[in-house]
Amino acid sequence: MKKLFCVAILWTALLSALGPTRVANAAQNKQLEVFSWWTSGGEAMALESLFQAYKNKYPGVEVLNAAVTGGGGSAARPVLQTRLAAGDPPDVWQVHPGHELFGQYVQGDYCVPVTVLYRSEGWDRVVPQGLIDRVSKGSEIYAVIAGVHRGNVLWYNKKVLEKYKIEVGDTLSFEQFFSAAQKLKAAGVVPLAMGDAGLWATAQLFENTLLGVLGPKGWQELFGGQRMFDDPRVKEAARLYGRMLDYQNADHSALSWDQAVRRVIHGKAAFTAMGDWAYSELVKAGLKESHNFGWVSFPGTEGTFLVVADGFTLAKDAPNIAEAVAWLEMVGSKEAQEAFNALKGSIPVRTDVDKGKLDIYQQWSMASFQHDALLASCVHGEAAPATFQRELNDAISMFVADRNVERFTGALVQAAGASGLLK
Ligand code: BGC
């Protein structure tokens with residue numbers, strides 16, 4: 001009864017926030033707390049563009065940036081969980097669709113649907129249904145998507161490759177990568193810059209290798225529980241991942257993901273494997289796409305788009321509900337989507353954005369999104385429960401040290417069973 005009463009109050013608040021008084025409510029001496037893990041140079045710059053757009057519209061609202069440093073959100077999520085459990089939610093927070101959104105926040109009753117916004121703002125007409133489905137349960141939608149990253153990209157420094165007469169075409173196979181890497185290593189150049197101070201970065205290298213070996217069908221079978229983690233193809237992917245690791249920088253575990261990207265920016269390494277948030281670091285450093293740097297699908301993954309979507313969800317007991325709703329409306333607007341994604345490296349989710357405003361990389365990524373198989377990332381929360389992700393990180397950290405394929409895949413089988421992924 002009490003719960004029903006609370007939900008009713010919340011809905012009244014949400015609906016009134018959507019009414020004409022909304023702007024007035026969000027006008028004077030108010031605050032809005034936004035939680036994310038966007039703190040690298042490029043990420044912070046993109047987040048700031050959202051803050052600026054919001055402040056321009058609501059100058060009376062003080063925006064509190066509650067970002068917690070650590071790529072991939074592995075440091076941010078525990079902080080958020082502690083706050084949520086203590087009844088101290090930020091108004092809105094960054095979230096990935098799928099398991100992360102539903103397993104950690106919807107199931108815990110920490111956030112409320114924003115379905116009504118999709119109708120009032122007309123997003124249901126301009127956001128592809130496939131994307132809406134990723135943040136929906138039943139008839140309710142639980143997040144406003146700010147942009148969609150492609151997780152399976154290999155970036156390279158063009159000048160370095162030119163110097164060693166290495167050409168990268170429209171696709172790059174594993175063997176082509178290894179032959180280039182061998183040449184670079186022999187010349188004393190680091191072939192693959194990695195920064196796995198946050199384990200997720202090397203887990204992502206494995207995830208991409210796995211996708212490159214399994215292909216879209218195998219990926220869906222694996223994360224749909226129809227293929228086991230000790231499948232011969234998974235073992236093959238583990239061996240290839242081990243070979244990749246042979247070409248990384250010796251100090252990989254001391255660097256963050258963006259420090260690794262900087263190695264490529266400064267020509268200290270040739271390649272880095274990273275989701276396309278790396279793009280914002282490359283551009284922020286003043287590098288010109290296609291001139292100073294290039295990209296290609298991670299080996300074996302051409303024809304697939306590993307989706308890493310970023311959304312914002314609304315706290316159930318948001319301390320500043322009107323301001324929070326105004327934030328979500330702004331994030332979903334055409335202007336904000338165009339400006340934010342140009343800086344972040346992701347693509348806007350709205351189909352009505354001015355594509356002429358997108359740069360070459362984004363046009364490439366958008367074409368891939370339209371034509372390729374769209375798959376959910378495990379490392380970035382969508383394809384598997386958080387418990388599996390944590391076990392994967394532990395298994396990866398062990399594998400990086402011992403390269404024992406049997407032990408590694410055995411640990412993943414156990415983790416899949418224990419986390420409910422096989423159901
Ligand atoms: C997020 C990106 C972010 C990246 C690195 C991913 O999980 O979706 O927005 O830039 O982590 O921090």
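Just above sits the structure.
For every chain, the first residue of the written sequence is number 1, and numbering continues from 1 along that sequence. Local features are withheld for residues below a pLDDT of 70 in this predicted model, meaning they are given only at 70 or higher, and side-chain atom pairs are given and counted only at 80 or more; totals for whole chains, interfaces and linings count all residues. With hydrogens and water excluded, all non-hydrogen atoms of the structure serve as input to the side-chain values.

### Description of the overall build of the protein
Only DSSP runs of H or I reaching four residues or more are called helices, and only runs of E reaching two or more are called strands; each is numbered from the N terminus. Each helix and strand in the protein was counted, giving 19 helices and 13 strands. Expected size for 423 residues packed as a compact globule is a radius of gyration near 22 Å; at 21 Å, the protein falls within 12% of this value. Principal-axis analysis of the C-alpha atoms places the extent of the protein at approximately 65 × 45 × 35 Å. Relative to its full complement of 423 residues, the protein shows a buried share of 59%. In what follows, a contact means two residues having at least one pair of non-hydrogen atoms within 4.5 Å. At a minimum sequence separation of 6, the contacts of the protein that also span at least 24 residues come to 78%. Computed by Shrake-Rupley with a 1.4 Å probe, the accessible areas treat only the displayed protein chains as cover when residues are assessed. When the accessible surface of the protein is split by element, carbon and sulfur atoms take 53% of a total near 16,600 Å². Neither His nor the chain ends is counted toward charge; the positive residues are Lys and Arg and the negative residues Asp and Glu. To locate a charge, take atom NZ for lysine, CZ for arginine, CG for aspartate or CD for glutamate. Placing the 40 positive and 44 negative side-chain charges of the protein at their respective mean positions leaves the two points 2 Å apart. This radius of gyration counts C-alpha atoms alone. The globule rule is 2.2 Å times how many residues there are, raised to the power 0.38. Relative accessible area decides the class of each residue, using a 1.4 Å probe on protein chains only: under 20% of the type maximum gives buried, over 50% gives exposed, and in between gives partly exposed.

### Quick word on helix α17 (residues 360-371)
One fewer than the residue count of a helix, multiplied by 1.5 Å, yields its expected span. Here α17 is 12 residues long and its end C-alpha atoms lie 17 Å apart, about the 16 Å a rise of 1.5 Å per residue gives. By the burial criterion, the buried members of α17 are Y361, Q362, S365, M366, S368 and F369. When α17 is viewed along its axis, its buried side chains cluster within an angular range of 160° and face the same direction. Relative to its buried face, α17 has exposed residues pointing more than 90 degrees away, namely Q370 and H371. Throughout, the arc means that of the directions going from the helix axis to the C-beta atoms.

### What to know about the side chain of Q204
Following the sequence through the fold, Q204 ends up in helix α11 (residues 200-223). A residue is classified by how much of its surface remains accessible, and Q204, at 1% relative accessible area, is buried. At a separation of 2.9 Å, a polar atom in the side chain of Q204 contacts the side chain of H380. Those residues in contact with Q204 that lie beyond four places of it in its chain are A273, M274, G275, W277, V379 and H380. Counted as a polar contact is a pair of N or O atoms within 3.5 Å, where, for protein atoms, one must be capable of donating a hydrogen and the other of accepting one, and residues adjacent in sequence contribute only when both atoms are in side chains.

### A closer look at the packing of α11 against helix α12 (residues 232-245)
Fitted lines through C-alpha atoms serve as axes, helices being fitted only where they are in contact, and the angles separating the N-to-C directions of these axes extend from 0 to 180 degrees. Axis separation between α11 and α12 bottoms out at 9 Å; the angle between their running directions is 155°. On the basis of their axis angle, the class for α11 and α12 is roughly antiparallel. Crossing of α11 against α12: the hand is right-handed. Here T202, L205, F206, T209, L210, V213, L214 and L222 of α11 come into contact with α12, specifically with R233, V234, E236, A237, A238, L240, Y241, M244 and L245. Its residues assigned to classes, the contact of α11 with α12 shows 13 nonpolar, 2 polar and 2 charged. Angle categories: roughly parallel below 35 degrees, roughly antiparallel above 145, roughly perpendicular from 65 to 115, and oblique for all the rest. In this scheme the crossing of two helices becomes right-handed for a clockwise turn of the near helix relative to the far one and left-handed for an anticlockwise turn of less than a right angle. Any residue outside Ala, Val, Leu, Ile, Met, Phe, Trp, Tyr, Cys, Pro, Asp, Glu, Lys and Arg is labelled polar, Gly included; the first ten of those are nonpolar and the last four are charged.

### Points about helix α5 (residues 99-106)
Of all the 8 residues making up α5, 6 are buried; the element is thus mostly covered by neighbouring parts of the structure. Residues of α5 that are buried include every one of E100, L101, F102, Q104, Y105 and V106, and no others.

### Observations regarding the pattern of salt bridges
Oppositely charged side chains can form a pair if their charged atoms are brought close together. Basic side-chain nitrogens of Lys or Arg form a salt bridge, by our definition, when they fall within 4 Å of a carboxyl oxygen of Asp or Glu. Evaluation of the coordinates by the stated rule reveals 20 salt bridges. As a salt-bridge pair, E33 and R83 come within 2.8 Å of each other at their nearest N and O atoms. Taken together, the residues span a long stretch of sequence, with E33 in strand β1 (residues 30-35) and R83 in helix α4 (residues 76-85) at a distance of 50 residues. Residue classification places E33 among the buried residues on the basis of a relative accessible area of 17%. Taking the shortest distance from any N to any O, the salt bridge between D258 and R262 comes out at 3.1 Å. Here R262 and D258 lie together in helix α13 (residues 257-265), a separation of 4 residues that amounts to about one turn. With relative accessibility at 11%, the residue D258 sits in the buried group. Accessibility expressed as a relative area gives 35% for R262, which makes it partly exposed. Here the salt bridges share partners, and the residues they tie into one network are K217, E221, R227 and D231.

### Quick notes on the pairing of strand β3 (residues 92-95)
Of the two faces of β3, the one lined by V92 and Q94 and the one lined by W93 and V95 are each fully buried. The sheet contact formed by β1 and β3 spans 2 bridges and is parallel. Paired with V34 across the two strands is V92, which belongs to β3. One ladder, built from 4 bridges, connects β3 with strand β12 (residues 304-315); its direction is antiparallel. Bridge pairing in β12 places V92 opposite L314. At least two DSSP bridges between two strands are needed for those strands to be called paired.

### What to know about the sheet that holds strand β9 (residues 190-193)
In a beta sheet, neighbouring strands are held together by backbone hydrogen bonds and run either parallel or antiparallel to one another. Ordered by their spatial adjacency, 4 strands build an open sheet running β9-β10-β8-β11, and the pairing between neighbours is mixed. Bordering the open sheet on either side are β9 and β11 (293-297), each of which pairs with just one other strand. Strand-to-strand twist of the sheet, defined as the mean angle between neighbouring strand axes without regard to direction, takes the value 25°. Relative to strand β10 (residues 269-273), β9 runs parallel, the two sharing 3 bridges.

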